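Observations on the model geometry
Chain residues, written in single-letter form:
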Amino acid sequence: MPKGVRKEEAARTFLATFGDVEQVWFVKDSSNKTTSRAYVRFRHHWQALSAVRGSEATLKVTWSASERVRQGVRGAYGIDIVKRLVGENQKKLEEVVKSVDVASISLTGFGGSSSSTAGKPPKNSCETNHVHFVLQCDNAAQADRIKAIFTAEMAKAAETYNKDVKGSLVLGGFPKSWNEKGLKFVFAPFGGLSSLIFDEDRLCPQPRRLAYVKARNQESMLKAASSLHHTKVGDGDIVEQCVVDCMRYRVSGWTDGSLRIGFFVDELVMKKRPFDLEPGPEDRELFVRNLPMEDSEPQILEYFQGFGEVEDLNLIKSVFTEELTLQGYVRFKRHADAVRCIESLTPEDPEDIDPTDLVGAWSESERILQRKENCYKYNLITEIVQMDGSGLEKIKKEAKLEKLWLMSESLQQKDLDAPPLTGRQVQFVGKATQEGQIKVLKELLEKRLEETHKKISNRLSQRKRKAAQEAAAKRGTPLKSAKATQPLQTPSAPPPTARTSTNGLHAPAAAVPPAVAANGSNGRSNSHIAHTTSSPAAAPVAPAAPAPPGAWMGAPSLPGGSWPVPGAAWNSWQAAAARPYVPPMGMPPVVAAPAPPPGVWDPAARQAAQLASAGGGSGGQASVFEMSSTPAATTGVHGDRGRSRSRRRRRTDEEKRNRSGSRRRRK
């Protein structure tokens, strides 16, 4: 601590930049004076982590060994340090007292007090919140010797952890009668043991025996973990029968015994990922597999720097041993450098790929963090997590996890109790109670990614079809429908003339939709439209001047708010209107109905009047009524006013067929 910081309030103010401080306890010397060293406890782990990583050179911050010793086998050391410092029945303390010739040594602060029989420590020097030694000696040289002895014991404990605990199998639930001989008997079917140490979890209500064992090869250890977990073992003679727990030791976990499980998103199998999609211009990160583990991290970094400047290299470590795996992320500064790297890692022929070759793919983690700016144009975070977090909650319940987080360096984490990150990329982290939940979580995450990638592929296909339709519309070439067997045919006709309507605006010569040819896709003749819009004695139409480009339907917009001159499509409609009506095969010829007496309503007369008022004939303007009307009926109810009621009811079969045919043509 700085010189001016020797009180708790001053220390809280000084350390407030790192987070919320719960407790500050200054260490005192033999004369009971406050020193510059202190124990500081933060409210959250990430706050303490920021203090350890962000401390200045003048402020030295390390993790508390006292806290780890108090945690026992559940702490970072994985073994009971107190037992190794004190010994069985305090024998090690007694040996130190005799060798150094001191009055008393006491180790306290771990939930109880353990001292030698040579004396008791002073009452005013005992502090129960932190593990510490209390000595009664004659001079400072004796204190220094004792300090060196226990420093060496701590180093031995760290060596035991690295050699025998990391990467081992943790066996629990066996009775006190089991010894080294019995454990070797149990693991004989798996090739025997290479190392074995016993320990005890003293934080349980009832102390629980543990054994850290290592088989002779990794495959045997995995087989033993799956075969012995929650299994009844023992023969009842050499080994007492019991049900044991057998799991791989995890470097990271919680003090309540929960396991930390997790995966980077690119470690998951993605069967439906659209790999043929071109990368975006912002894609600069690759996920590589089969990295050479015989090379160190600087050597791997030097290899990738041969393609261009590297911004970040994250080599993934095993959650069991903290050793480097064969996978990692490499992020280049430029997109072109990443393209060169992935091209060199991807052979032209997929059959030439060896299972041990170094391969790479574009980072899915990077595309998730790009949100809708990625090459998918799709927000994967929203799809996986959902807006209200229900997606992640559903996976957590199905995997039976206590907690589940989606984490990344650039994602804001709302849960302050979330575990620390192991990399800047997207990762799923869960709090589990059993090792079997790892497989369940992985399968659920892979299923969710597969569903998400299916949606992305469907959207990409829709975008391609839409782009093709837009391109065809610009070229003026309609796309063929999957249901159509023949393309639509439009008959050619001379261009129409433009005439001025009553309001002074230029109107097209024939404003009726194009008639479908008789050999079109519907197989019907639409020449009946021409029966109501054409006249055999119509005057010939003079061809109009060609329309300049850029006009609607190939015709320019005339000044003064006028209608555009009709284009070529309107010419075909007028040509259809100029042809005389020919009844379909098998139908009777059309016979004009007699004129009704004055004052009697006649639909044919009304239609003729409307045509005349609209400037009927081949050069007149067509109306919506004309487009939907049918040819004038030759006979009908209104045309038989002079007949008797009984005679009107008795119509011939031909008249009925004629009416049904007209109805079909209207449809």
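Residues numbered from 1 in each chain as written. Predicted model: local features only at pLDDT ≥ 70, side-chain atom pairs only at ≥ 80, totals over all residues. Heavy atoms only, no water.

The next thing to look at is the confidence of the model for the protein chain. On average, residues of the protein chain carry a pLDDT of 76, and 68% of them reach 70 or more. Taken element by element, the protein chain is modelled with least confidence in helix α18 (residues 624–628), mean pLDDT 36, and with most confidence in strand β12 (residues 285–289), mean pLDDT 95. A low-confidence stretch, residues 481–542 stays under pLDDT 50, and its non-local contacts, those more than four residues away or across chains, total 111 contacts. Across residues 614–642, confidence stays below pLDDT 50; counting only partners more than four residues off in sequence or on other chains, it has 57 contacts. (pLDDT = per-residue confidence, 0-100. Helix = DSSP H or I, 4+ residues; strand = E, 2+ residues; numbered from the N terminus. Contact = heavy atoms within 4.5 Å.)

Once that is clear, we can look at unusual backbone geometry. The phi dihedral of asparagine 32 falls on the positive side, at around 65°, and the residue is not glycine. Tracing the chain through its elements places asparagine 32 in the loop between β1 (21–28) and β2 (34–42). A relative accessible area of 55% places asparagine 32 in the exposed class. With a phi angle near 60°, lysine 377 is a residue other than glycine that sits in the positive phi range. Tracing the sequence through the fold places lysine 377 in the loop between α11 (364–369) and α12 (380–385). For lysine 377, a relative accessible area of 46% translates into the label partly exposed. (Buried < 20%, exposed > 50% of the residue type's maximum accessible area, 1.4 Å probe, protein only.)

This next bit is on the side chain of threonine 452. Mapped onto the secondary structure, threonine 452 falls in helix α14 (residues 437–475). Note on threonine 452: relative accessible area 1%, which makes it buried. In this structure threonine 452 touches Tyr378, Leu380, Glu383 and Ile384, once residues within four positions along its chain are discounted.

Ranked by size, the top nonpolar core spans 35 residues in total, and within it Val265, Leu401, Leu406, Phe428, Leu441 and Leu445 carry the most contacts. Secondary-structure elements contributing two or more residues to this core are β11 (259–264), α12, α13 (390–399), β16 (403–407), β17 (427–432) and α14. When residues of this core are assigned to their parent elements, the largest contribution, seven residues, is made by α14. For leucine 406, the residues in contact, after removing those within four places along its chain, are Ile381, Val385, Leu392, Leu411, Gln413, Val426, Gln427 and Phe428. In this structure, Ile105, Phe110, Ala157 and Tyr161 belong to the second largest nonpolar core, which totals 28 residues. (Core = buried A, V, L, I, M, F, W, Y, C linked by side-chain atoms within 4.5 Å.)

Taken N-terminus to C-terminus, the directions of α13 and α14 make an angle of 145°; their axes are 9 Å apart at the nearest point. Crossing hand, α13 versus α14: right-handed. Here Gly391, Lys394, Ile395, Glu398 and Ala399 of α13 lie close against α14, whose contacting residues are Gln437, Val440, Leu441, Leu444, Leu445 and Arg448. Tallied by class, the residues present in the contact of α13 with α14 amount to six nonpolar, two polar and three charged. (Axes fitted to C-alpha atoms, helices over the stretch in contact; angles between N-to-C directions. Left-handed = near helix turned anticlockwise from the far one by under 90°. Nonpolar A, V, L, I, M, F, W, Y, C, P; charged D, E, K, R; others polar.)

Pairing in this open sheet of four strands is antiparallel, and the strands run β13-β14-β12-β15 from one edge to the other. What marks the edges here is a single partner per strand, and that holds for β13 (310–317) and β15 (359–362). Within this sheet the neighbouring strands show an average axis-to-axis angle of 25°, counted without direction. Summarising the sheet, β13 and strand β14 (residues 324–332) pair through six bridges and their orientation is antiparallel. The partner of asparagine 314 across the bridge, within β14, is tyrosine 329. Against the sheet, helix α9 (residues 297–304) touches β12, β13 and β14, its axis set at about 135° to β13. (Pairing = 2+ DSSP bridges.)

Moving on, we get to the sheet that holds strand β10 (residues 242–248). One open sheet holds the five strands; their spatial order is β7-β8-β6-β10-β9, and the pairing between them is antiparallel. Bordering the open sheet on either side are β7 (193–201) and β9 (231–233), each of which pairs with just one other strand. Across the sheet, the axes of successive neighbouring strands diverge by a mean angle of 35°, strand direction being ignored. In terms of strand pairing, strand β6 (residues 169–172) meets strand β8 (residues 208–215) through four bridges, oriented antiparallel. Bridge pairing links leucine 171 to alanine 211 in β8. Where helix α8 (residues 218–228) meets the sheet, its contacts fall on β6, β8, β9 and β10, and the angle it forms with β10 comes to roughly 140°.

A word on the packing of helix α5 (residues 91–100) against helix α6 (residues 140–165). Two elements in contact, α5 and α6, have axes separated by 11 Å at closest approach and are oriented at 145°. Crossing angle aside, the handedness with which α5 passes α6 is right-handed. When α5 is examined against α6, the residues Lys92, Leu93, Val96, Ser99 and Val100 are found in contact with a partner set consisting of Gln142, Arg145, Ile146, Ile149, Phe150 and Glu153. Taken together, the residues that form the contact of α5 with α6 break down as six nonpolar, two polar and three charged.

Taken as a whole, this structure holds 27 salt bridges when the rule is applied. A salt bridge links glutamate 153 to lysine 156; the nearest nitrogen and oxygen atoms lie 4.0 Å apart. With a gap of three residues between them, glutamate 153 and lysine 156 both fall in helix α6, about one helical turn apart. Here the salt bridges share partners, and the residues they tie into one network are Arg284, Glu311, Arg331 and Glu366. (Salt bridge = Lys/Arg side-chain N within 4 Å of Asp/Glu carboxyl O.)

Take the packing of aromatic side chains next. For any pair of aromatic rings, the description consists of the separation of the ring centres together with the inter-plane angle of the planes. What the rule picks out here adds up to 11 aromatic pairs. With a centroid separation of 6.1 Å and an interplanar angle of 35°, the aromatic rings of tryptophan 25 and tyrosine 39 are classed as tilted. Residue tryptophan 25 is found in strand β1, and its partner tyrosine 39 is found in strand β2; the two are separated by 14 residues along the sequence. We classify tyrosine 39 as partly exposed; its relative accessible area is 27%. Ring geometry for tyrosine 212 against tyrosine 249: centres 6.1 Å apart, planes inclined by 80°, an arrangement best described as edge-to-face. Placement of tyrosine 212 in strand β8 and of tyrosine 249 in the loop between β10 and β11 is noted, with a sequence separation of 37 residues between them. Residue class for tyrosine 212 comes out buried when judged on its relative accessible area of 2%. (Phe/Tyr/Trp six-rings, centres within 6.5 Å; stacked < 30°, edge-to-face > 60°.)

Here glutamate 393 shows up in helix α13. Residue glutamate 393 is classed as partly exposed on the basis of its relative accessible area of 32%. Along the primary structure glutamate 393 and lysine 403 are separated by 10 residues, whereas in three dimensions their C-alpha atoms are 8.8 Å apart.

Further remarks concern the pairing of β17. The element β17 is largely enclosed, with a buried count of six among its six residues. Burial along β17 is two-sided: Gln427, Val429 and Lys431 facing one way and Phe428, Gly430 and Ala432 facing the other are all buried. Alignment of β11 against β17, held across six bridges, turns out to be antiparallel. Note that in β17 the partner of isoleucine 261 across the bridge is glycine 430. Bridge count for β16 against β17 is five bridges, and the pairing is antiparallel. Bridging from a neighbouring strand, methionine 407 pairs with glutamine 427 of β17.

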